[in-house]
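Okay, here's what each chain looks like letter by letter:
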Amino acid sequence: MLFVLAVLMPVPYVVLSPGPTLNTLATDDNGQTIIVIKGHASNKTTGNLNLTTVDITTKRVTAFQALIGWVQHDRVVVPRAAIYPPGQSEDQVNQLDTAEFASSQDNATAAAFCQLKYPKGFGVISVDANSGAKDKLKAFDELQTLNGVSVDTQAKLTAELAKYKPGDTVTVGFKRLGKPMTASIKLSDPVQGQKGGRIGIAPGPQCFAPFEVDLGLGDQIGGPSAGLMFALGIIDKVSTIDLTKGAYIAGTGEIQADGTVLPIGGIQLKMIAAKRAGASIFLAPKDNCSDVRGATPKGLNVIRVSALSDAVQDLLDVQAGKPVPHC
């Protein structure tokens, strides 16, 4: 009886396993198109560009389940605190994952626009939902003026905002999809170290396309690791090149707005998920190579990438039968 009680007792661990893979060029499990292009013709795509995920047990793990997980090659048992840090509830961690996923989508779009060689400028990266800019400005609005004065660089915007105080209302001139627009915005309190008022945006250099991209899955997965595959999906849908030629390609990697690909966690499980789904090629961040070596499923061609431009060129090189970098 003591033994039975011991193995059925909950332990402070969670079990990670290969999660679902989703083709960014197609639809989700609800039949909704994952990448929607608005204002531009969308290519008829072939093949797959699948993002990969890791499943995490949300219920308490028993000692028996942990022991089983430790001996299975497609399971990873980790301390619960590694996923849900002390002082943070499961809901708080999930909210952070959701925010990171949304940010990764904006970064993927920004990186794709620059890879597609659209004009560069200075604009809105994100909007603070608790500021006067909410519902007036949005990501990829290109900043032009503040009360008639040019604010097309960070230095100009900072200098101009320093002339005003929180509570003042200013008129921001901007372009949205190339169309000049204005918005009256009440300035918020500045962040520490800043002078004047705050519009309530994160601005920065960007590339601006004459169309919009609407990315889905925000209520289905979390975290930043889908960024690379979203960016490739956007490029495949609007560019003149076919990145897949009918091949089943999967991958992972957090992406920055400048196209840099960052390492992620759980890549061993994501490779297993990709291979099970039918992928023959897997794109892995360069800084994950130490995790990839010795853990690659048989028959899966893992290509090392450090930037979005690398991934695009590597996929074209595979089609041409040229050598590509591996871990």
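Our subject is the structure that appears above.
Residues numbered from 1 in each chain as written. Predicted model: local features only at pLDDT ≥ 70, side-chain atom pairs only at ≥ 80, totals over all residues. Heavy atoms only, no water.

S.K.: Hey, could you go over the nonpolar core for me, with residue numbers and the actual values?
M.R.: L228, F230, L232, L283 and L308 are the most contacted members of the largest nonpolar core, which totals 44 residues. At the level of elements, β3 (35–38), β4 (48–56), α4 (90–115), β13 (212–215), α6 (227–238), β17 (281–285), β18 (301–305) and α9 (308–320) are the ones that each hand at least two residues to this core. For this core, the element with the most residues is α6, which contributes 8 residues. The residues touching L308, leaving out its near neighbours within four places in the chain, are A111, A112, Q115, L228, A231, L232, I235, I255, G259 and V261. Of all hydrophobic cores here, the second largest spans 17 residues; its members include L161, V170, I185 and I201. (Core = buried A, V, L, I, M, F, W, Y, C linked by side-chain atoms within 4.5 Å. Buried < 20%, exposed > 50% of the residue type's maximum accessible area, 1.4 Å probe, protein only. Helix = DSSP H or I, 4+ residues; strand = E, 2+ residues; numbered from the N terminus. Contact = heavy atoms within 4.5 Å.)

S.K.: Could you give an account of the sheet that holds strand β2 (residues 13–23), naming the residues involved and the relevant values?
M.R.: Here we have 6 strands laid out as an open sheet, ordered β6-β2-β4-β14-β17-β18, and mixed in their pairing. Sheet topology places β6 (76–79) and β18 at the edges, where each strand pairs with a single neighbour. Across this sheet, the average inter-strand angle for adjacent strands is 35°, counted without regard to direction. Here 5 bridges tie β17 to β18, and the two strands are oriented parallel to one another. Residue P285 lies in a different strand from β18, and its bridge partner there is V305. (Pairing = 2+ DSSP bridges. Axes fitted to C-alpha atoms, helices over the stretch in contact; angles between N-to-C directions.)

S.K.: Just give me the short version of empty space enclosed by the protein, but keep the residues and values in it.
M.R.: Considering all chains together, one arrives at 1 cavity of 30 Å³ or more under this definition. Roughly 40 Å³ of volume is contained in the largest cavity. Taken together, D106, N107, A110, I125, F140, Q206 and A257 form the lining of the largest cavity. Ranked by the residues each element gives to the lining of the largest cavity, the list is headed by α4, at 3 residues. Tallied by class, the residues present in the lining of the largest cavity amount to 4 nonpolar, 2 polar and 1 charged. (1 Å grid on protein atoms, 1.4 Å probe; cavity = no way out; pocket = protein on both sides within 12 Å on 5 of 7 lines; lining within 4 Å. Points joined across faces, edges and corners; volume = space filled by probe spheres on them. Nonpolar A, V, L, I, M, F, W, Y, C, P; charged D, E, K, R; others polar.)

S.K.: Just give me the short version of helix α5 (residues 154–161), but keep the residues and values in it.
M.R.: All of the buried residues along α5 are L157, E160 and L161. The buried side chains of α5 occupy one side of the element, clustering within an arc of 95° when seen end-on. Along its buried surface, α5 packs onto β7 (120–127), β8 (142–146), β9 (149–150) and β12 (201–207). (Arc of directions from axis to C-beta.)

S.K.: So, the state of the cysteines: which residues are in play, and what are the values?
M.R.: Applying the stated rule across the entire model yields 2 disulfides. The disulfide that involves C114 links it to C207, with 2.1 Å between the sulfurs. Between C114 and C207, the S-S dihedral sits near 100°, and the bridge is therefore right-handed. Here C207 lies in strand β12 and C114 lies in helix α4, a separation of 93 residues in the sequence. One disulfide in the model links C289 with C327; its S-S distance is 2.1 Å. Note on the C289 and C327 pair: the S-S dihedral is about -70°, so by sign convention the disulfide is left-handed. Of the two residues, C289 is situated in helix α8 (residues 289–292) and C327 in the segment after α9; the sequence distance between them amounts to 38 residues. Relative accessible area serves as the criterion here: at 30%, C327 is assigned to the partly exposed category. In the chain, the cysteines engaged in disulfides, taken in order along the sequence, are linked 1-2, 3-4. (Disulfide = S-S within 2.5 Å.)

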